[in-house]
Every structure is written in structure tokens, then in C-alpha cells.
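Architecture at a glance
One-letter residues, chain by chain:
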Amino acid sequence: MTGLVPTLRLVLRRDRIQLIVWLLLYVSMAASAYSVAKTNYADPAALQSAALAATENPSLVALFGPVYSATVGAVGMIKMVVMMAAALGLLTGLLVIRHTRADEESGRREMLGASAIDRTAPPIAALIESAGLSLAIGVLSTLTLIGMGADARGSVVFGLLWALVGIVFAAFALVCAQVTEGARAARGLFAVGLGGAYLLRALGDVSVLDPDGAAPAEPGWASWLSPLGWAQQLRPFAGDRLWPAIPLILLSVAFVAVALRLAANRDLGAGLIPVGRGRERASTLLGSVEALTWRLHRGQLIGWTVGFLAVGAAFGGMGSAIDSLAGNEGTREMLERIGGSGSSLLDVFFGAEFSIMAMATAALGISIVNTACSEETSGRAEYLLSAPVQRLRWYVSHLTAAVIATSVATLALGVGVSLTAGRQLIVPAMAALPAVWVITAIAALAGALSAQWASVGWIVLAACVMMLVADVLKLPDWVSKLSPFNHVATQPGATVLTSATLVLVAIAALGLIAAATSESRRDLAA
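Residues numbered from 1 in each chain as written. Predicted model: local features only at pLDDT ≥ 70, side-chain atom pairs only at ≥ 80, totals over all residues. Heavy atoms only, no water.

1. Some remarks on the overall build of the protein chain
- Secondary structure summary: the protein chain contains 24 helices and 0 strands in total.
- A sequence separation of at least 24 residues applies to 79% of the contacts in the protein chain between residues at least 6 apart.
- Only carbon and sulfur atoms are counted for the fraction: they give 65% of the accessible area of the protein chain, which is about 22,600 Å². (Helix = DSSP H or I, 4+ residues; strand = E, 2+ residues; numbered from the N terminus. Contact = heavy atoms within 4.5 Å. Areas by Shrake-Rupley, 256 points an atom, 1.4 Å probe, with all protein chains shown as cover.)

2. Describing the nonpolar core
- Grouped together as the largest cluster of nonpolar side chains are 70 residues, with contacts concentrated most on Met-77, Phe-158, Trp-162 and Phe-169.
- Setting aside its immediate chain neighbours within four residues, Phe-158 contacts Ala-30, Met-77, Met-80, Val-81, Leu-145, Pro-236 and Phe-237. (Core = buried A, V, L, I, M, F, W, Y, C linked by side-chain atoms within 4.5 Å. Buried < 20%, exposed > 50% of the residue type's maximum accessible area, 1.4 Å probe, protein only.)

3. Concerning the side chain of Asp-240
- You can see Asp-240 is positioned in the loop between α12 (227-232) and α13 (245-265).
- The buried charged residue Asp-240 lacks any salt bridge, with Arg-153 as its nearest oppositely charged partner at 4.3 Å.
- A distance of 2.7 Å separates a polar side-chain atom of Asp-240 from the backbone nitrogen of Phe-237.
- Residues within four places of Asp-240 in sequence aside, it is in contact with Asp-151, Arg-153, Gly-154, Val-157, Leu-234 and Arg-235. (Lys, Arg positive; Asp, Glu negative; His and termini not counted. Salt bridge = Lys/Arg side-chain N within 4 Å of Asp/Glu carboxyl O. Polar contact = N/O pair within 3.5 Å; in protein donor to acceptor, adjacent residues only side chain to side chain.)

4. Section: the confidence of the model for the protein chain
- For the protein chain, mean pLDDT is 82; residues scoring 70 or higher make up 87% of the total.
- Predicted confidence is poor over residues 326-342, with pLDDT under 50, and the contacts of this stretch with residues over four places away or in other chains come to 23 contacts. (pLDDT = per-residue confidence, 0-100.)

5. Here we look at the packing of helix α21 (residues 433-449) against helix α22 (residues 456-466)
- At their nearest, the axes of α21 and α22 sit 8 Å apart, and the two run at 150° to each other. When the axis of α21 is compared with that of α22, the two are roughly antiparallel. In this structure, α21 crosses over α22, and the sense of that crossing is right-handed. Note on element contacts: α22 touches α21 through Val-456, Gly-457, Val-460, Leu-461 and Cys-464, opposite Ile-439, Ile-442, Ala-443 and Ala-446.
- Here the residues of the contact of α21 with α22 are counted per class, giving 8 nonpolar, 1 polar and no charged. (Axes fitted to C-alpha atoms, helices over the stretch in contact; angles between N-to-C directions. Parallel < 35°, antiparallel > 145°, perpendicular 65-115°, else oblique. Left-handed = near helix turned anticlockwise from the far one by under 90°. Nonpolar A, V, L, I, M, F, W, Y, C, P; charged D, E, K, R; others polar.)

6. Structural notes on the pattern of salt bridges
- Per the counting criterion, the structure on display carries 8 salt bridges.
- A salt bridge links Asp-103 to Arg-14; its shortest N-O distance comes to 3.0 Å. Residue Asp-103 is located in helix α7 (residues 101-106), and its partner Arg-14 is located in helix α1 (residues 4-40); the two are separated by 89 residues in the primary sequence.
- Note on Arg-14: relative accessible area 28%, which makes it partly exposed.
- Notably, a salt bridge pairs Arg-391 with Glu-519, separated by 2.9 Å at the nearest N-O pair.

7. Some words on the packing of aromatic side chains
- Applying the stated criterion across every chain yields a total of 10 aromatic pairs.
- Ring geometry for Trp-304 versus Phe-308: centroids 5.6 Å apart, planes at 50°, classification tilted. Of this pair, Trp-304 and Phe-308 are both found in helix α14 (residues 289-317), 4 residues apart, which corresponds to roughly one turn of the helix.
- Taking the relative accessible area as the measure of exposure, Phe-308 reaches 6% and is therefore buried.
- Summarising the aromatic geometry, the rings of Trp-394 and Tyr-395 are spaced 6.2 Å apart at their centres and angled 50° between planes, so their arrangement reads as tilted. The exposure classification of Trp-394 matches that of Tyr-395, with both residues buried.
- Grouped by ring-pair contacts, the aromatic residues Trp-22, Tyr-26, Phe-158 and Trp-162 constitute a single cluster.
- Above the plane of the ring of Tyr-198 lies Arg-201, whose end atom (NZ or CZ) is 4.8 Å from the centre.
- The aromatic ring of Tyr-68 is capped on one face by Arg-235, whose charged end is 3.7 Å from the ring centroid. (Phe/Tyr/Trp six-rings, centres within 6.5 Å; stacked < 30°, edge-to-face > 60°. Lys NZ or Arg CZ within 6 Å of the ring centre and 35° of its normal.)

8. What to know about the packing of helix α6 (residues 83-99) against helix α11 (residues 183-206)
- The geometry of α6 relative to α11 is characterised by a closest axis approach of 11 Å and an angle of 160° between their N-to-C directions. When the interaxial angle is binned, α6 and α11 end up roughly antiparallel. Two packed elements cross with a definite hand, and for α6 against α11 that hand is right-handed. Counting all contacts with α6, which are made through Met-83, Ala-86, Gly-89, Leu-90, Gly-93, Leu-94 and Ile-97, the residues of α11 involved are Ala-183, Ala-186, Arg-187, Phe-190, Leu-194 and Tyr-198.
- Among the residues making up the contact of α6 with α11, the classes are represented as 10 nonpolar, 2 polar and 1 charged.

9. Structural notes on helix α19 (residues 391-421)
- Across its 31 residues, α19 extends 45 Å between first and last C-alpha, which sits within 8% of the 45 Å expected from 1.5 Å per residue.
- Trailing α19 by a residue or two, Gly-422 shows a phi angle of about 75°, which is positive. (Expected span 1.5 Å × (residues − 1).)

10. Observations concerning unusual backbone geometry
- Not every positive phi belongs to a glycine, and Arg-235 is a case in point at roughly 50°.
- As for its position among the elements, Arg-235 is in the loop between α12 and α13.
- With a phi close to 65°, Phe-237 is a non-glycine residue in the positive phi region.
- If you trace the backbone, Phe-237 turns up in the loop between α12 and α13.

11. Looking at the environment of Ile-146
- Considering the arrangement of structural elements, one finds Ile-146 in helix α9 (residues 121-147).
- Residues Ile-146 and Ala-31, 115 residues apart in the sequence, show an inter-C-alpha distance of 9.9 Å.
- Setting aside residues up to four positions removed in sequence, Ile-146 forms contacts with Ala-152 and Ser-155.

Here it is as C-alpha cells:
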């Protein structure tokens, strides 16, 4: 294929630092998880107790999946199998979109197309990079675990799981990049697919929980609709099944075939879903910069709101399955350690899910404030500001949109849960908003200092996600406390308005004010 090798070299050159960082981070997480498990679960009784506690707690099962066998590997790697695999899929998907649809949107792809390269070379190069990263992480993690004394077959299956999840979501992102006409829309479509896969897997696992804490023989039917559910059924260190790898490979091949077919037959910059060109004359409602900002973010606001409403309804519907476990004494003991004395099983579950969804909401806030950066780097902001439009007013409109959008989406989540759970859960669902606003403010301030620092917000959010496994990485307690999500009370019945919450609101406000001030004092795209 003409131009594939130089295009691949360019892609690797642009990402060389982050590829090395992610590779070392994932291998370190796998090694740390197994090392902690060997130390903490040397006693068979402690190992059996940990496996039982993880499998009978629905909040843990929804997040990480059940423990199918009481082995050191299965118990110790519980946070790695599904959650960190999904995080790897998110990473590879965003890499693919960056080097495909985002390059087309910025005009970089058109410049490359002026040279002697095949039009399918850029998407294939992006896919090779992401697949190579996934395979490298899988292989090095396998070798590291075997070197630490882990079961060889289980280590191979675990590495295969990570590699396949990274590849299948990279291939899915390649399809998203061909379907849409903008990088933001491609990322949104990809996020919906990844989030839906995680939710289906969680629904399937929770639906078959045993009140006695016994590991289910197979997951519920919903899990079989999800690639993450298929990957989980490889069951590393707990049966080591290889046949679920077949549908993952076939799905990856199908995604790649569809994506390359679309890439070869569409116009540069076009997508399968065309963007409407609008009317010849704008509505009077678009007579202000705030209205234009609303128009830019309208699609993703509606999409996230509807999606969060559906996710909330699904979480609320899990209540009946979770209530059936409330009489288990072991579960109650774990609840006292996790949620405090007097907490109900259902409340702890909702609190955990609200915390996780708050991190997803932060992604919406980052996406909106980063739109201002993309408007600058693409040159569109320059055209807009050449009119009698104040730059501060233009930028503040994006910050305001981020705050409103995250609030509306979180409200939709609370409404969805309340409708199906039969109780008012809007307040605890919105309790994490101050933490969301802090992450949004950090992203805004970084982008305001320099339009080239738009990725800082995503790095900070990724660090917050990694802090969920701070115990696995043997990090000190103060490290996990750096995450603003650890200072909000999302459990129903807890006090929402605390001193920590007020501090987070103040930090977010100061960050947004600093971002607006910094943006108005520098040159465009500087």
C-alpha cells in the first residue's frame, strides 16, 4: 500500500512519549495487582473470604465483574479484567480518532493526501499503532506475571484479554471516524458504544447474582451482547477459556472491513451521516454568541442527557436483584466497611454508580471547554472574533455551556434512577457535580493558558480513574485523596453540603475565572 510506512512512522513519532507511558503504566498495574494479591491472600481462608465478598456485593460486581474462582490471580486481578480493559479500549479508540477524523477536520489529512499515499493508509496506520500498543501491553503483562510466579496459562489468557479489548475498540473507533463528519461527533459515538458495552456487561452480571455469594456459572443474557462481556468470559486464572476470543476477533475484523470500505468510497471530510447545512438565513435565536455556542453543543447535550436518562433507568431497575441479597450477613459486614454503619446494600450500590458516572460527566465538561480550543486552532474563532464580538464573552459562553450541560446530564441520571427505583435519588446523583466542575475548570485553565494544552484535562481525568486502583498500585492514601471525586458524598442519605463540597465549588469557580482571564490575555491559538 502506497505511503503506509511513512504514515505509520509519522503517527508513531507524534505519540512516542504517551505510547511508552501507557505501556509502562499498564504493565506496572498488572504486576502490582498480582504482587498485592500474593501478599494479602497467602492464607486460603482469606482468599476464599475475599472472593465471596467480591461476588456477593452487587456494586463491586457491576464495576468489576464477579470472581469465578477463588484463586490468587482471579481475586487479585479483579479490577484489571473489565474496568482497566475498558480504559485500554478508550485509550486505543481515542488514538484512532485522533489520527483519522481529527486530522481530517484540522486539514492535516488533506496535506498528507497531496503526497503519494493511498487514501486508506492513514486509517490503517492508526489501527496498526493502536493494535500494536494493545499487543505490546498484553505480551509484556503476560511475561511479567509469569516471571512473578503466576500461572502461565492464566497469564497468557489475561494478556490476550487486554490485547483483544484494545484492538476491538480501536476497530470500532475506526468505524465511528468514518460515520461522522467531525472528531467531536466521532468521540461521542464511540463513547456511547463503549459505555453501552460496559452497561450491558454490568446488567448481565448483576442479574444472575446468588444471595449466598456463589459465583454464577454463566452471566446474564445482557452480558452476551457486549464485547466486554465476551472478554470477561475468557476468565483468566479462573478456567482460562479461549473460545470467547473468537467472537472478539471476528468482530474486530468486521469493524475493520466496514471502516476501510467506507474510507475508500467517501469524500475527504465527509461521513456516512451528513451534517445538515442549515437554512440560508439564520434564525433570530442565533443572533448572539451565546446562541451560537448553544448550537455547537446542542447535539452532544441532547445525546448525553438521553443516554444518562437511560443509564439511570437501568441502574434503578437493578434494585430488585440487589434487594434479594440484603439478607446476606457477609454482605452486610462489607457494607459497614464500605458505606458505614447502617448503610443499606442498595444505597452503597447507588453511591458507587453515581461516583463512576460523575467521571463520565467530567468527560462531557472537558469536551465542551476543549471546543473553544479547537475553534481557535482551526481558525474559526478568528473569523467569529473579527466581528464585533468580545473575546471574553465568547469564551465565557463555552464555560457556561460546560457547567449547564454537566448539570443537566447529571439531573437526567438522577431522574432516570428515581423513576425505576421508586424513590427520590436526584440529590445524591448530583452530589458529585462540584468534583466534575473542578475537573472541567482544570481543563479550561490549561486550554486558556495555551490552546495546545487541551489534552491536560483528559490526562487529569485519566489520573482520577487510575486512583480507583490506588490500592493495587500500592500508592499512599494521600495520592487517592488528590482526586476531587473522593471528597463528595454520593451515597443516598449522606450529607451532601459539607465543607469539602464548598471547597470544591470554590476551587472550580476560581479555576473558571482564572481560565476566562487567561484566555482574554493571550493571542489566539498561542
